[in-house]
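So you can see what is in the structure, the chains are spelled out below.
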Amino acid sequence: MRQTAVEVALLGAVRAIMRVSLHAADEIGTVSVVQLRALTVLSEAGECNLAGLAQGVGVTVSTTSRLVDRLVAAELVERRRSPRTAREVVITLTPRGRATLERYDRLRMDDLRRSLDVLDGAETDTALKLLRAITAAGDPAAASRDEDGPVAAD
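Q: What should I look at first to understand the overall build of the protein chain in this one?
A: Summing up its helical and strand segments, the protein chain has 7 helices and 2 strands in all. Secondary structure of the protein chain in N-to-C order comes out as α-α-α-α-β-β-α-α-α. Across its three principal axes, the protein chain shows a C-alpha extent of roughly 55 × 35 × 35 Å. Across the 154 residues that make up the protein chain, the buried fraction comes to 26%. Accessible surface computed for the protein chain: about 10400 Å², of which carbon and sulfur atoms make up 56%. Distance between charge centres in the protein chain, computed from 21 positive and 22 negative side chains, equals 7 Å.

As structure tokens, then:
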């Protein structure tokens, strides 16, 4: 099947971003990409029950239960009984989990910044506007979190 120029460009961008994420996960070495995704969901939510984490990661509850078992064993998350109902568990990041996620994000940002460094100022502004528009189309809540514009570089 012949791809359009838009499809080729979009797939190229997705693959480049996936390479950044996989490279960062490889640098960390002890945590899988799916585990890092779970840590990201927990970081954004603050805490989740199994069903909420499963939905955020995009896997089944039984898969999430095994995923949480591995994250607890690695001391990246904490699982405790919910104060709302005895049948529910609440999962939160541990300080070690938060530090791991922060390192992962730093590694990804370093790679992404290097990609933007090849652009001039106007190209960077255009790229950021397009990235925000694509993000908003896929996640309207992300658009509202980013409405203040760019954050100053480190």
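Q: Looking at this structure, I do not really get helix H6 (residues 121-138). What am I missing?
A: Because each turn of an α-helix spans 3.6 residues, side chains separated by three or four positions in sequence point in the same direction. Taking 1.5 Å of rise per residue, the 18 residues of H6 would be expected to cover 26 Å, and the 26 Å separating its terminal C-alpha atoms lies within 8% of that figure. Measuring from the side-chain oxygen of the N-cap residue of H6 to the backbone nitrogen of Ala 122 gives 3.1 Å; that N-cap residue is Asp 120.

Q: When you look at the confidence of the model for the protein chain in this model, what are you seeing that I'm missing?
A: Detailed reading of the predicted model is not advised wherever pLDDT is low. In this model, the protein chain carries an average pLDDT of 88, and 92% of its residues clear a pLDDT of 70 or more. Summarising per-element confidence for the protein chain, the mean pLDDT is lowest in helix H7 (residues 140-145) (64) and highest in helix H4 (residues 61-73) (95). Segment residues 150-154: pLDDT under 50, and 2 contacts once partners within four positions in sequence are set aside and those in other chains are kept.

Q: So what exactly am I meant to see when it comes to the pattern of salt bridges here?
A: Two side chains that carry opposite charge are able to pair once their charged atoms sit near each other. All chains considered together, the criterion is met by 8 salt bridges. For Glu 47, the salt bridge is made with Arg 84, and the minimal N-O distance between the two is 3.9 Å. A residue pair is termed long-range when its members are at least 10 positions apart, and Glu 47 in the loop between helix H2 (33-45) and helix H3 (50-57) and Arg 84 in the loop between strand S1 (77-81) and strand S2 (89-93) qualify at 37 residues. Using a relative accessible area of 33% as the deciding quantity, one classes Glu 47 as partly exposed. Glu 78 serves as the salt-bridge partner of Arg 80, at 3.8 Å between the closest nitrogen and oxygen. The exposure class of Arg 80 is partly exposed, given its relative accessible area of 34%. Using a relative accessible area of 41% as the deciding quantity, one classes Glu 78 as partly exposed. Each member of the salt-bridge network shares a partner with another, and the members are Glu 47, Glu 78, Arg 80, Arg 84 and Glu 88.

What counts as what
- Residues numbered from 1 in each chain as written.
- Predicted model: local features only at pLDDT ≥ 70, side-chain atom pairs only at ≥ 80, totals over all residues.
- Heavy atoms only, no water.
- Helix = DSSP H or I, 4+ residues; strand = E, 2+ residues; numbered from the N terminus.
- Buried < 20%, exposed > 50% of the residue type's maximum accessible area, 1.4 Å probe, protein only.
- Areas by Shrake-Rupley, 256 points an atom, 1.4 Å probe, with all protein chains shown as cover.
- Lys, Arg positive; Asp, Glu negative; His and termini not counted.
- Charge placed at Lys NZ, Arg CZ, Asp CG, Glu CD.
- Expected span 1.5 Å × (residues − 1).
- Polar contact = N/O pair within 3.5 Å; in protein donor to acceptor, adjacent residues only side chain to side chain.
- pLDDT = per-residue confidence, 0-100.
- Contact = heavy atoms within 4.5 Å.
- Salt bridge = Lys/Arg side-chain N within 4 Å of Asp/Glu carboxyl O.

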